[in-house]
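Now for the letters of each chain:
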Amino acid sequence: MKKVYSNNNIALVWHVKNMLEQQGIDVVTRNDRLYSIAGEIPVTECMGEVWVVNALYYQYAERLVKEMEKLESEEMKDWTCDACGEDISGTFAVCWNCQSVPGCEPASGLT
Ligand SMILES: [Zn+2]
C-alpha cells in the first residue's frame, strides 16, 4: 500500500477516499476515527490518511488528488454573491455585504 494523501481535515480525507473509489481505485483510510478525540492528542497524530491498496494505481490516484487540490485552490478565486451580487474576494467564505453563504439563503437579521 502507498499513502497518497493526508490531511488533518477529516472531511477532506473522506472526500479524497470517495473520489478515488468512484474512479475504481481501492483505498483505505487511517486515523480517521481519531477525530472525536482530537484535542487530547497532538494534531499530527490525528492526521487522516488515504492509502492506495494496489500500488499500481498509486500514480493515477496521486494525479487525481493533485487535480482535486488544484480545483480547490481555484475555488479560492473571487466569487459573486448570489444573494446581493457583491463581488467577494476568494479568501472569504461568506459574503461581507450580506453575510450569506454561497448556495445558502441569506442569513436573517444580519443586514
Ligand atoms: Zn451578499
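### Points about the environment of E21
As for its placement among the helices and strands, E21 is situated in helix 1 (residues 10-22). Look at E21 and you get partly exposed, because its relative accessible area is 36%.

### Considering the coordination of the zinc ion
Protein coordination at the zinc ion comes from C81 (SG), C84 (SG), C95 (SG) and C98 (SG), with a distance range of 2.3 Å. In primary sequence terms, the donor set of the zinc ion follows C-x2-C-x10-C-x2-C. For the residue pair C95 and C98, the accessibility class agrees, reading buried in each case.

### Some details on helix 1
Its 13 residues place the ends of helix 1 18 Å apart at the C-alpha level, agreeing with the 18 Å of an ideal helix rising 1.5 Å per residue. When helix 1 is considered as a whole, its buried residues turn out to be I10, L12, V13, V16, K17, M19 and L20. The inward-facing, buried residues of helix 1 abut strand 1 (2-7), strand 2 (27-30), strand 3 (48-52) and helix 2 (58-74). Capping of helix 1 at its N-terminal end is provided by N9; its side-chain oxygen lies 3.0 Å from the backbone amide nitrogen of A11.

### Some words on the pattern of salt bridges
On inspection of all chains with the given rule, the structure shows 4 salt bridges. Residue K3 is joined to E49 by a salt bridge in which the shortest nitrogen-to-oxygen separation is 3.6 Å. With K3 in strand 1 and E49 in strand 3, this pair connects stretches of sequence that are 46 residues apart. When its relative accessible area of 38% is taken as the criterion, K3 is described as partly exposed. Residue E67 pairs with R63 through a salt bridge whose shortest N-O separation is 3.6 Å. Placement of both E67 and R63 in helix 2 is noted, with a separation of 4 residues, approximately one turn of the helix. Overall, the relative accessible area of 41% leaves E67 in the partly exposed class.

Calculation criteria
- Residues numbered from 1 in each chain as written.
- Predicted model: local features only at pLDDT ≥ 70, side-chain atom pairs only at ≥ 80, totals over all residues.
- Heavy atoms only, no water.
- Helix = DSSP H or I, 4+ residues; strand = E, 2+ residues; numbered from the N terminus.
- Buried < 20%, exposed > 50% of the residue type's maximum accessible area, 1.4 Å probe, protein only.
- Donors = N, O, S within 2.8 Å, 3.2 Å for Na, K, Ca; no water.
- Expected span 1.5 Å × (residues − 1).
- Contact = heavy atoms within 4.5 Å.
- Polar contact = N/O pair within 3.5 Å; in protein donor to acceptor, adjacent residues only side chain to side chain.
- Salt bridge = Lys/Arg side-chain N within 4 Å of Asp/Glu carboxyl O.

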